[in-house]
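Residue-level listing of the chains:
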Amino acid sequence: MSSACPAALAGPVTPSWGGVVPEQTTPASPTDPAAAPKPGQTVVPIESSYPDDPRITVVQRLLAGGDYEFAKNVLNEILKEHPKLGRAEFFYGLTLTRLKRYEEARPRIENAVQSGQDFPERIHAPHFLGWASYHLGDVGRAKKEFEAHVAAVPKSPDTIFGLGLIAFDEDRLDDAEKLFQSSLDILIPMELTTRSHRRDVGKAWARLGDVSLRRGDLAKAEEQFMSALASFADHYEVWAKLARARDRLGKTKEAESARNEERRARERVGLPLEPVDGVAPQEPTQPPAQPPAQPPAQPPAQPPTQPPTQPDPTTPEAPSR
Amino acid sequence: MIVPLALALLAMNHAGGKDVGIGFTDVTAASGLVATMTSGTLPSSQIVEVKGGGLALIDFDRDGDLDIFMPNGATLADSERGPGAKLFRNDSTVDGIRFVDVTASSGIALTRWSFGVAVGDVNADGLDDIFVSCFGPDVMLRNRGDGTFEDVSAPSGIAAPERAQEWGTGCAFADLDGDGDLDLYVVNYLAFDATNLLPTTKFRGLEVMSGPKGLPAQRDRLFLNDGTGVFTDVTDASGIGAAKPSYGLNLAILDFSGDGKLDIFVGNDSHANFLFVQGDANEANGQRVPFFTDEGMKSGVATNMEGLEQATMGIAVADVDGNGRPDIFTTNFSSDTNTLHLNLDGTFFDDRTSQFGFGAVSRPYLGWATAFVDFDHDGDEDVLVVNGHVYPQATKQSFDSDYEQRPLLMVRKGRRFEALTEAGAWKLEPHRDRTAVFADLDRDGDVDVVIAELNGPLRVLRNDRSSATAKNWLVVEPRDARRGHGDRHAVGAALTVRSTDADGSERVQRRWNSGGGPFQSTLAPEMHVGFPIGTSKVSLELRWPDGTVERRENIELGQRLTFERVGERSTTAQPVAQ
């Protein structure tokens, strides 16, 4: 795909939540978008074939709402009563990844997989393990885990995106470009109605821009960053990237404009560039010291903590069966 | 036969055909370098306790080797009266690294909570003096030349009343206005009240110390020297004061733009870094004042590639991509990466952290002092970063990063750097490291390391490279001994080294004598270069800070060389070919 104009990214809006994934090459998993209800289709519940606890639905809601500590408490209660409940263990690990405690998350997710229980989110375990490994700096392990997930769920754009990031880290720019493009190719045909979906499209465009910037193709990078922002304007990191590309292109005024947009985007997402001096650092949700208040350098604002275009196992709306 | 572990590994690596080639031996016990760097008490609970202090390399007795000065910290109970700074005389020989504590006889009685340190001949008397940035009024120590120092803080003009409330971190001397004397840049961190301790706050689900976010940042200071060691604060007149106060920690002074004038890179914690590019001078109160504009954001060096501000503790400069320009490497917080900004053209920098292999591997570490050094004499520079978390509560489980951490040694392998996991035993020990200095302490041709740990003993790591291999190294010292010239070490000097490898290909290496240091510390006033076995046709080109160029051909390896300027100082640069 070429670097399409931003308007093309909006695409036709379809009424279903997940759209249609073309060319399904492997049997759809219970949580695969291909198995999602099509417009007008009736969902027939089936009996659970794995040990479960109804409170996990509550956990999913808590995670979706960002209440990770409460989710942990609920999961602790569940696990106290059912210490071998693989699905609860999985969600415990997932909750820890949301808290960016990847080292602690890993064994939880691994235990869930080793439980042998066939809960629906299990197929995505390598995805979460891959991101945990990536954030822990073990790129080799992350690569294997991402590859395992792609083998099981070939149309997993965020896992492919992760492989693209690793290729970029390893300075394999051609591979990185192909992988980011593949991620985009899966994402684009889907509708752009959810914030996370638009964010993921923007993310893939932004990384394509990074590849172009690395190659010194500043004009293409600028175009790709703009495509990213057309999909997700709150991606303040991309405004910063766009500003830098424009600076290097000699577009000083446009660069300053992008920086202003970066400031606005930061304010929109609650991470203003200029901290307020003199305020006692009592805000419990603010990281108190050196680390940026959001996820670290690479990937940018949103280290994907779930396969975003797969049904999100943290939301009860996900068609998990 | 018992073989020291490090040497055994060195030999094993050679025998296995994999020339890892780096081996250190911890010689602290025998070195006499016995000191503990105090910084509050453990476990740290306030931000002032977690930065640690610096180390300085200084040939205070002019015997040709580098002695060590350690400013020291204090505790919250009394920030004015800590255990005190230490001065160690270097009595090393090629047979061993030896230091003698000469603090008592030096007259140094600095007990204030100290952080950064800079070394330079501020009054142009041929002797290196010491500046110490403090939590509170900074201190200038004049070298009397008889082994003693005198506190000249007040007459030097650096101790203005408003400075008493500042917390100085990194600092450096350089001849910023090109008049031959050493000016002074002091990086400031934030306003902290030791009598009003901060409560903890929550981060990643744990209660940890507060700051820096939410605390008032302090602006940096620039002082111009009148040539006699008396300084004037020109922060406002120089444009430095126009920058938004930020949580500054460290700096590097060098001609990053390539226009012949020194620029200043300042690493800020959680704020955008500054790149003060020097333009045309201003006149202020009859004084010619260099003027700087912060081009950090526009140049791309203010943040990482994501546009995110980083912690930026350690700073190291090297020509990583071989384009002849100084690139900037910085160390950062855990779960973030250390960052490499390539200097593309003197105007723009680009974050190439991952391209060179620095990204993922550094995530578990919270990095501090760092330096590029060719530890293994293979003709390219490696990188050492010392690490340790600021939160005593940090564990792998809770923060994906332990409180005590190993140093990270990155070895150049082709275009990328790879973490070395098989060096000596010292590397396997986790510490609360903060700073380090890098120098050929025993003058055997390879670079040794002294590391300072937060509330822990200094460690001396002897590089065993020279004893294990051929003398394929050079140590080059620029020495400006012209009368009345204070910038004796030629801060900003650039060395280009050309040589021919065994296969006939040309190798070009570059080194800079930059101002600033690994972290709140100083760099050795000399440039070390390693070469692969079989190197021939070595030539050197030294560009002095005033643009004068000297060349030398057919250099024999395995020696220390001095480029020296003598006589009267000329007011205009005159290229000299030798």
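Along each chain, the written sequence defines residue order, and numbers are assigned to residues from 1. Lettering for chains starts from A, numbering for ligands starts from 1, and both go in the order in which the items are written. Given that this is a predicted model, residues contribute local features only at a pLDDT of at least 70 and side-chain atom pairs are listed and counted only at 80 or more, while totals for whole chains, interfaces and linings are drawn from all residues. Water and hydrogen atoms were dropped before computing side-chain values, which therefore reflect all heavy atoms in the structure.

Participant: Could you clarify how one ought to interpret the overall build of chain A in this entry?
Facilitator: The secondary structure content of chain A amounts to 13 helices and zero strands. Numbering goes from the N terminus for both helices and strands, where a helix is a DSSP run of H or I of at least four residues and a strand is a run of E of at least two. Overall, chain A shows an N-to-C arrangement of helices and strands of α-α-α-α-α-α-α-α-α-α-α-α-α. For every residue, the accessible area obtained with a 1.4 Å probe (protein chains only) is divided by the maximum for its type, and the residue is called buried under 20%, exposed over 50%, and partly exposed between those limits. The buried share among the 321 residues of chain A stands at 55%. Reported accessibility uses the Shrake-Rupley method at a 1.4 Å probe radius. Residues are deemed covered only where the shown protein chains occlude them. When the accessible surface of chain A is split by element, carbon and sulfur atoms take 55% of a total near 12,900 Å².

Participant: Explanation requested: the environment of Gly484 of chain B in the structure shown.
Facilitator: Residue and element names in this part refer to chain B. On the secondary structure map, Gly484 appears in the loop between β33 (473-480) and β34 (494-500). Classification of Gly484 by relative accessible area gives exposed; the value is 51%. Sequence spacing of Gly484 and Gly126 is 358 residues, and the spatial spacing of their C-alpha atoms is 8.6 Å.

Participant: How do you make sense of the packing of aromatic side chains when you look at a structure like this?
Facilitator: Ring pairs (aromatic) are described by centroid distance and by the angle formed between their planes. By convention, a stacked pair of Phe, Tyr or Trp rings (six-membered ring in the case of Trp) has centres within 6.5 Å and planes under 30 degrees apart, an edge-to-face pair has planes over 60 apart, and any other such pair is tilted. Counting across every chain of the model gives 30 aromatic pairs over all chains. Ring centres 5.7 Å apart and planes at 75° place the aromatic pair Trp131 of chain A and Tyr134 of chain A in the edge-to-face group. In this pair, Trp131 of chain A and Tyr134 of chain A are both assigned in helix α6 (residues 125-135), three residues apart and thus about one turn of the helix distant. Classification of Trp131 of chain A by relative accessible area gives buried; the value is 2%. Over the aromatic face of Phe168 of chain A sits the side chain of Arg214 of chain A, whose NZ or CZ is 4.2 Å from the ring centroid. The ring of Trp544 of chain B is capped by Arg565 of chain B, whose NZ or CZ atom sits 4.8 Å from the centre of that ring. Only Lys NZ and Arg CZ are tested; either one counts as a charge over a ring when it is within 6 Å of the ring centre and within 35 degrees of the ring normal.

Participant: Quick question: what am I supposed to make of the sheet that holds strand β9 (residues 149-151) of chain B here?
Facilitator: Across a sheet, strands are paired by hydrogen bonds formed along the backbone, either parallel or antiparallel in direction. Residues and elements named next belong to chain B. If DSSP finds at least two bridges between two strands, the strands pair. Pairing in this open sheet of four strands is antiparallel, and the strands run β6-β7-β8-β9 from one edge to the other. At either end of the open sheet lies a strand with only one pairing partner, and these are β6 (114-120) and β9. Between one strand axis and the next, the sheet turns through 25° on average, direction left out of account. Where strand β7 (residues 129-134) meets strand β8 (residues 139-143), three bridges bridge the pair, whose relative direction is antiparallel. Note on β8: the bridge partner recorded for Ile130 is Leu141. Under this scheme, a helix contributes an axis fitted over its contacting stretch, all axes are lines through C-alpha atoms, and angles between N-to-C directions fall in the 0 to 180 degree range.

Participant: In this structure, what is going on with the confidence of the model for chain A? I would like to understand it.
Facilitator: Low pLDDT means the predicted atomic positions in that stretch should not be read closely. All names here are of chain A. What pLDDT conveys is the predictor's confidence in a given residue, as a value from 0 to 100. Here chain A averages 76 in pLDDT, while 69% of its residues score no lower than 70. A low-confidence stretch, residues 1-47 stays under pLDDT 50, and its non-local contacts, those more than four residues away or across chains, total 71 contacts. Only heavy atoms matter for contacts: two residues are in contact if any of them lie within 4.5 Å across the pair. Every residue in residues 275-321 is under pLDDT 50, and counting partners more than four places away or in other chains gives 183 contacts.

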